[in-house]
Amino acid sequence: MSLNKKLMIPILCAVFLYCVAMFLWVFGVYMVGSTEQSYMVEWQFFSLCSSVWSLPIIVDYISVIFSCFVCLISGSVSLFSMSYMEGEVYMKRFMMLIMAFVGSMNLLIFVPSMITILLGWDGLGIVSFALVIYYQNKKSLAAGMLTVLVNRVGDALLILVICFLVNWGEWRIGYGMTGSYSMLVCFLVVVGAMTKSAQIPFSAWLPAAMAAPTPVSALVHSSTLVTAGVYLVIRFYSTLIESQEVLWFLSKMGVLTLLMAGLSACYEVDLKKIIALSTLSQLGLMMFTVGIGFPLVAVFHLLTHALFKALLFLCAGSIIHSTMDSQDGRILGSLNYLLPFSSSCLVLSSVALCGMPFLSGFYSKDLILEGAFSGFSGVLEIVIMLMGAGLSLIYSLRILLVGVFGQSYGGGLSMYETESGYVVCSICVLSIGAIMGGWLLQSVWVEVNGFSLVGVFGKLVISVVTFVGLFYSFVNFFLSKILSKKNPSGVSWFLSGMWFMNLASGSFLAGVGLKLGKTMHLCLDLGWMEVLGGQGVFSVLGSGVSLSYLTQKGSLLVYIRMFMVMLIFLMVCINVFY
Amino acid sequence: MFSLGVISVMLALLSGLGQSVFWWGVLWGYVLMYLISLVLWYSSVGLAGCWGNFMIVDNFSFSLMSLTILVSGLSMLASVRDVWKMENKTIEFVFSVLILTVILVYCFSVSSLLNFYIMFEFSLIPILLIILGWGYQPERLQAGKYMLLYTVSASLPLLILISMVLVSGGSVFWGWKFLSSEWGWLMTICASLAFLVKLPIYGFHLWLPKAHVEAPVAGSMILAGILLKLGGYGLVRVFYTLSLFSSLTVSGIFCLGLGGGIVASMVCFAQNDVKALVAYSSVGHMSLVLGGIYSNTEWGWLGCLLMMVAHGLCSSGMFFLASETYKFYSTRSLYLVKGGLVLIPGVALCWFLVCAINMAAPPSLNLWGELMLGISVLSYSTVFALLTGIMTFLSGLYSWYLYSVTQHGQCPLWVRGVVVMEEYTLYLISFLLVFLLGVAGLVMMSLL
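Residues numbered from 1 in each chain as written. Chains lettered and ligands numbered in written order. Predicted model: local features only at pLDDT ≥ 70, side-chain atom pairs only at ≥ 80, totals over all residues. Heavy atoms only, no water.

## Quick word on the overall build of chain B
Okay, so step 1: In terms of helices and strands, chain B carries 19 helices and 2 strands.
Okay, so step 2: Per-residue burial over chain B gives 65% buried out of 448 residues.
Okay, so step 3: Restricting the contact set of chain B to residue pairs at least 6 apart, pairs at least 24 apart contribute 82%.
Okay, so step 4: Only carbon and sulfur atoms are counted for the fraction: they give 73% of the accessible area of chain B, which is about 15,500 Å². (Helix = DSSP H or I, 4+ residues; strand = E, 2+ residues; numbered from the N terminus. Buried < 20%, exposed > 50% of the residue type's maximum accessible area, 1.4 Å probe, protein only. Contact = heavy atoms within 4.5 Å. Areas by Shrake-Rupley, 256 points an atom, 1.4 Å probe, with all protein chains shown as cover.)

Structure follows, in structure tokens:
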């Protein structure tokens, strides 16, 4: 009975979330779409020195559809965790954390004010910390600390933004405000968003956060938390456009992240980490899209990406769960015979990820590539972007080749389960999303289509880029032994280690910081401050007291000496002054 | 105010009845006093209410008075086990806490600088008694000596300044402004030094970690929750009365305070005692309060008030949780206290919440305080943006460090696996009261 009671919780959450998603899709999209209007409700707490502290809630296309997708994905994830977390004792705690996460994500989505968006923004960081350190081992603790600290950098930057925005007397965002310190504010917002979205100097936490349970990875580190940064930049875009330099910086960082993550994904062997790196490269693509001036296309890609990436994670989670917790790509294999459903959905989502025509990834990716040709960007940037986009096919195929096809290198005695009904159900829902999502969105939301002028050459390049990876991968697959020997180890170390970013941001910074703290404690608190403060004063006073005690001890010798000293002093004085 | 006095007299009469009646009677008296002090918040005259010449109450006073009563009551509640159940000098303990409360309430409401000074010094005696009487280690003697000598010797210049002002100006009433242009820098230093040590800013803080480590739980809670706030309150009052804005000196102390806050936050990770870590974290937070006052803006003063109230609640909560953890593990060493999440999930949840509040997670009062202080500090100079940002980051760092070190990982085998039910009621009551104060704070802010 108690077991059933425990298992009821995820189902209830899933039903609730599906209902909310349905409600938002039916009523929200209808309401916003039919009247072509956005609504904003504002609750003012108080106003101090003519700055208004308020909680605005915005209902428009972006927020309604994004929230709908978040609820859909999190409903599927709750259903999935029925089976994945079946051995969990504290199921209630786990589901409460998931629900807290969904709640703060929705706060982030619906609140377009810098000061109250912190509710969702900080909440996401804190809850994701609690979820990453959910398993009680050192590796997940290290990953959790890295996650929460990078997120904390973002919080600190947003707090600074709020402090600077007082100059404008306005914390609400979403319409083109500008004022003094405009450049600085934009820069801080963009860098804060880059921490959440794991762009280049802050990338290390995203693959590390894969230490979380897989449902959490599916929800948190693929479709919601990491897209919060992109979402903030999109909301803030109307102000960002006033300072082009910041957008320039954003697009460069985005395209570098795209390339870096794509290359790293080609070297990684852990199944979950490959998917995390592919998420990272897609985030780079979104940031790049915002940077070159297509925020709505970025939203479109964000939404379709959320669907197929959650599907990818759930399939991977199902594989991990069914093969008794093995997620190493060197061990997994020949799953197409053992787990046909999960592996076929894995194939589906990978194909959607690399932009197969008429699956959901195709619509948004094609728009981005077209936009790149007509946006504000240089040749080098476009070449790098095309390379990064081409890499997406290679690492998608890699996921399939290491995971699904090929030979299994596991031990002789291996156990396999089949997927439970909950898993099948949740994966089915998301597969429909991954197939239909792009088309549906494009048909309800007209503005998202964009308008870019691309010549025949550009269109040709796009299709070549989309499919050239396929050719390369086949070559690589059949000649893998020859090619792998040619790789010098230094370069592969550099590429697989995310350009050494995980080394720099992990143990290096922590070591320096801890050592500095220790040194300060030893030198200042236990050193100079004691010498100048308590202990020093005590020893000075002590020697003074003992001197005074000596003079009053009553010894004749001391009195005679003192008398002699006084006498000499007196004589010297007399000699000097007279 | 009068009723507070009446209640304390009645409580004294209660001491004739048995010990447990006395103990719980006093506690309920605290609840009553707290409710009455909330009534003071809705003063009909607007900002300030007066009771004769002796007392004057504005929003600084009454919020800190409520805080005092709340934290003292909670500190008694927290030491139910240590003092009342162990019958460890119960009557003396209650009287020390009660006298301390009354002194502090008067301290926050008297209208003259001289009276304030006397109460300020007087408050040292009961807290010293609490530390020496109910502390655990022999080192508490040294800690008490440090506390006494640091604070008293630093406040002597203030006494001289007050008597000089009294002689030359004739009054040291709050509302009255004393203007003097001679020796501005010396006056600023004399007036600030006492409060800088009490606050404390980094450099004058050596007494604080020592006192916290040696104090019993009630002592730590009161020390962190209220006594540190005397520093901030005094600075506000003195600055208003003496109108000290010697720019160079103020800038110097400002920089030292903020830089010291960063150093103190970094020293946090070098600690191996839970209580010492929390003590250093309050040094970091208090440096921001200093910044808010010295920036001399409306935002800064309000933010300083919010931060003081929020930090008083949050840090006393942290010390309470540290003592709860100590009861289970019989140690406070960060190397040994592990795996609280497995052993005591309820306490672990409280730790999580309190750590989140300590790093100023929304929607806690700490965040709004920190935002206002950040705004006022930046208005003084934009250069401080860097310092404020680093301090915000570091506060998250040490809070989560504390949480993850104590609550995560493998629980040591020698820990007593006892879950004490009565503590849960305690948490419930304290969180209820804290929540009430938070709501009342919001109401107050919206009325302004």
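From this point, the discussion proceeds with the structure in view.
## Structural notes on the packing of helix 4 (residues 114-132) of chain A against helix 6 (residues 182-196) of chain A
Residues and elements named next belong to chain A.
Okay, so step 1: Between helix 4 and helix 6, whose axes approach to 12 Å, the crossing angle comes to 25°. For the element pair helix 4 / helix 6, the angle class is roughly parallel. Considering how the two elements wind past one another, helix 4 and helix 6 form a crossing that is left-handed. Between helix 4 and helix 6, the residues in contact are M114, W121, L124 and G125 and V189, G192, A193 and K196, respectively.
Okay, so step 2: Across the contact of helix 4 with helix 6, the residue classes break down as 5 nonpolar, 2 polar and 1 charged. (Axes fitted to C-alpha atoms, helices over the stretch in contact; angles between N-to-C directions. Parallel < 35°, antiparallel > 145°, perpendicular 65-115°, else oblique. Left-handed = near helix turned anticlockwise from the far one by under 90°. Nonpolar A, V, L, I, M, F, W, Y, C, P; charged D, E, K, R; others polar.)

## Side note on the packing of helix 5 (residues 90-109) of chain B against helix 6 (residues 113-122) of chain B
Residue and element names in this part refer to chain B.
Okay, so step 1: Where helix 5 meets helix 6, the closest approach of the two axes is 9 Å, and the angle between their N-to-C directions is 155°. The angle between helix 5 and helix 6 places the two elements in the roughly antiparallel class. Of the two possible hands of crossing, helix 5 and helix 6 adopt the one that is left-handed. Counted together, I103, Y106 and C107 of helix 5 and F116, M119, F120 and F122 of helix 6 form the full contact between these two elements.

## Topic: the UniProt feature "domain: NADH-Ubiquinone oxidoreductase (complex I) chain 5 N-terminal" (unreviewed entry) in chain A
Okay, so step 1: In the numbering used here, UniProt assigns the feature "domain: NADH-Ubiquinone oxidoreductase (complex I) chain 5 N-terminal" (unreviewed entry) to residues 54-95 of chain A.
Okay, so step 2: As annotated, residues 54-95 of chain A has a helix share of 69% and a strand share of 14%, and its two end C-alpha atoms lie 30 Å apart. (UniProt positions renumbered as here; feature names shortened; annotations may be inferred.)

## Things to note about the state of the cysteines
Okay, so step 1: Within the structure shown, the criterion is met by 0 disulfides over all chains.
Okay, so step 2: In this structure B:C350 is a free cysteine whose sulfur lies 11 Å from that of B:C355, the closest cysteine sulfur available. (Disulfide = S-S within 2.5 Å.)

## Quick notes on a nonpolar patch on the surface
Residue and element names in this part refer to chain A.
Okay, so step 1: Side chains of L556, Y559, I560, M562, F563, M564, L567 and M571 sit close together on the surface and give an oily, nonpolar patch of about 800 Å² of accessible area.
Okay, so step 2: For F563, the position within the fold is in helix 23 (residues 556-577).
Okay, so step 3: Look at F563 and you get exposed, because its relative accessible area is 51%. (Patch = residues over 30% accessible without salt bridge, like charges linked within 9 Å, V, L, I, M, F, W, Y side chains within 5 Å. Salt bridge = Lys/Arg side-chain N within 4 Å of Asp/Glu carboxyl O.)

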